[in-house]
Amino acid sequence: MDTELVLAVIDRDWQVFIAQAARLGLGAPRRTGVEIGIPVRPAGTGEDYLAILECDGYDVAAPLLDFANPEHPDQRGGPCWPRMGSAPMNQITIGNRSVPIICTPGTRGYHLHISHVHEAHPRTTWRLSAVATLLHRFLTQMGPYQGRGV
Amino acid sequence: MATIAQELWTIVAVAGDGDEARFEDNPHSPLRHLLDQAVRRLYGQAANPSDYEMLIAGTVQTDLEISLQQAGLRNGAEVVVQPRDVSKG
């Protein structure tokens, strides 16, 4: 998908997204091209995490949710994720990269997983503001928080 | 005979996907009344309010019998209303 078009679609959804992130108490999203970083803290901890939404292909494709080391954002994947005790987690391989997924509609890993790839969902399922709500639910309602790394 | 004007606050209810609905409610009404209105406006008349939860400042509101004022809301405040459960694969 054309990068300029993706950037325009992100622009379209940006204000609603940052408003949703603010009212849910997530950190202020920062955007670099088609990638968005959101500083977050799981409920019950003072530990900093950096959620990453890789939005290439948005909104034909859902954003890919990953977490990065806040000190070294190039380090990503399972060791950078918060471990939430009741979150329905799984794993998917994209290219040569293994990414944890939350088994709930809204992020690309879920929709690419072999168990869900044939499901039909409207694009609003992975609208940026909806992904902010899913991220908040993951961090606050799928605990208890059990530490760093999945 | 004197009448007492009833104060109404504008509340912005926001769905999980960011869609908004604005309506007025009495600051002394219970949150349950606000939730009922918000669910119908955001999710349709057939939606069952008990299937939804309200978040104020990012926290799920468990006591729906307290008033808007007691919950710390004010005129123009925003609340998020989302389904209690999400599908899990």
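Cut-offs and rules
Residues numbered from 1 in each chain as written. Chains lettered and ligands numbered in written order. Predicted model: local features only at pLDDT ≥ 70, side-chain atom pairs only at ≥ 80, totals over all residues. Heavy atoms only, no water. Helix = DSSP H or I, 4+ residues; strand = E, 2+ residues; numbered from the N terminus. Buried < 20%, exposed > 50% of the residue type's maximum accessible area, 1.4 Å probe, protein only. Contact = heavy atoms within 4.5 Å. Buried area = accessible area lost by both parts, 1.4 Å probe. Salt bridge = Lys/Arg side-chain N within 4 Å of Asp/Glu carboxyl O. Polar contact = N/O pair within 3.5 Å; in protein donor to acceptor, adjacent residues only side chain to side chain. pLDDT = per-residue confidence, 0-100. Pairing = 2+ DSSP bridges. Lys, Arg positive; Asp, Glu negative; His and termini not counted. Phe/Tyr/Trp six-rings, centres within 6.5 Å; stacked < 30°, edge-to-face > 60°. Lys NZ or Arg CZ within 6 Å of the ring centre and 35° of its normal.

Once that is clear, we can look at the overall build of chain B. Helix and strand content of chain B: one helix and five strands. Put simply, chain B runs from its N terminus to its C terminus through helices and strands in the order β-β-α-β-β-β. Taken along its principal axes, the extent of the C-alpha atoms in chain B is 60 × 25 × 20 Å. In chain B, which comprises 89 residues, the proportion classed as buried is 45%. Restricting the contact set of chain B to residue pairs at least 6 apart, pairs at least 24 apart contribute 59%.

It is worth spelling out the interface of chain A and chain B at this point. Listed as interface residues are 19 residues of chain A and, on the opposing side, 22 residues of chain B. Both sides together, the interface formed by chain A and chain B hides about 1,500 Å², and carbon and sulfur atoms give 48% of it. In terms of surface lost to chain B, no three residues of chain A exceed A:Arg23, A:Arg137 and A:Gln141, which account for 38% of the buried area on that side. Of the charged contacts in the structure, one is a salt bridge between B:Glu20 and A:Arg23, with a shortest N-O distance of 3.6 Å. Along the contact surface separating chain A from chain B lie 13 residue pairs in polar contact (both at pLDDT 80 or more).

Before going further, it helps to spend a moment on the side chain of B:Ser67. All names here are of chain B. In this fold, serine 67 is placed in the loop between β4 (59–60) and β5 (78–83). By relative accessible area, which is 8% here, serine 67 ends up buried. With sequence-adjacent residues up to four places away left out, serine 67 is seen in contact with Pro27, His28, Ser29, Pro30 and Leu31.

Taken residue by residue, chain B gives an average pLDDT of 92. The fraction at 70 or more is 94%. What the predictor reports for the complex is a pTM of 0.93 with an ipTM of 0.88.

The next thing to look at is the pattern of salt bridges. Throughout the structure, instances matching the rule amount to 17 salt bridges over all chains. As a salt-bridge pair, A:Arg23 and B:Glu78 come within 3.0 Å of each other at their nearest N and O atoms. Residue A:Arg23 is found in helix α1 (residues 3–23), and its partner B:Glu78 is found in strand β5; the two belong to separate chains. Given a relative accessible area of 11%, A:Arg23 falls into the buried group. In this structure B:Glu78 comes out as partly exposed when scored by relative accessible area, which is 37%. One network of salt bridges, with partners in common, ties together A:Glu35, A:Glu54, A:Asp66, A:Arg76 and A:Arg97.

Our focus in this paragraph is the sheet that holds β5(B). Strand order across the open sheet formed by five strands is β2-β1-β5-β3-β4 (chain B), with mixed pairing between neighbours. Where the open sheet ends on each side, the last strands, each with one partner, are β2 (20–25) and β4 of chain B.

What follows deals with the side chain of B:Asp25. All names here are of chain B. Residue position: aspartate 25 is located in strand β2. The buried charged residue aspartate 25 lacks any salt bridge partner; its closest oppositely charged side chain belongs to arginine 41, at an N-O distance of 10 Å. A polar atom in the side chain of aspartate 25 sits 3.2 Å from the side chain of serine 29.

Below, the discussion takes up the packing of aromatic side chains. Residue and element names in this part refer to chain A. This structure, assessed with the given rule, holds seven aromatic pairs over all chains. Feature note: the residues Tyr49, Phe67, Trp81, Phe138 and Tyr145 constitute an aromatic cluster, connected by ring pairs. Positioned over the ring face of tryptophan 14 is arginine 31, at 5.4 Å from the centre of the ring. Positioned above the aromatic ring of tyrosine 49 is the side chain of arginine 148, whose terminal nitrogen or guanidinium carbon lies 4.0 Å from the ring centre.

Going from A:Tyr58 to A:Asp59, the amide bond is cis rather than trans, its omega being 5 degrees. Here A:Asp59 lies in the loop between β3 (49–54) and β4 (64–68). With an omega dihedral of 15 degrees, the bond running from A:Gly143 to A:Pro144 counts as a cis peptide bond. Counting through the fold element by element, A:Pro144 comes out in the loop between α3 (128–141) and β8 (145–148). Although it is not a glycine, B:Ala57 sits at a positive phi angle of roughly 55 degrees. As for its position among the elements, B:Ala57 is in the loop between β3 (52–56) and β4.

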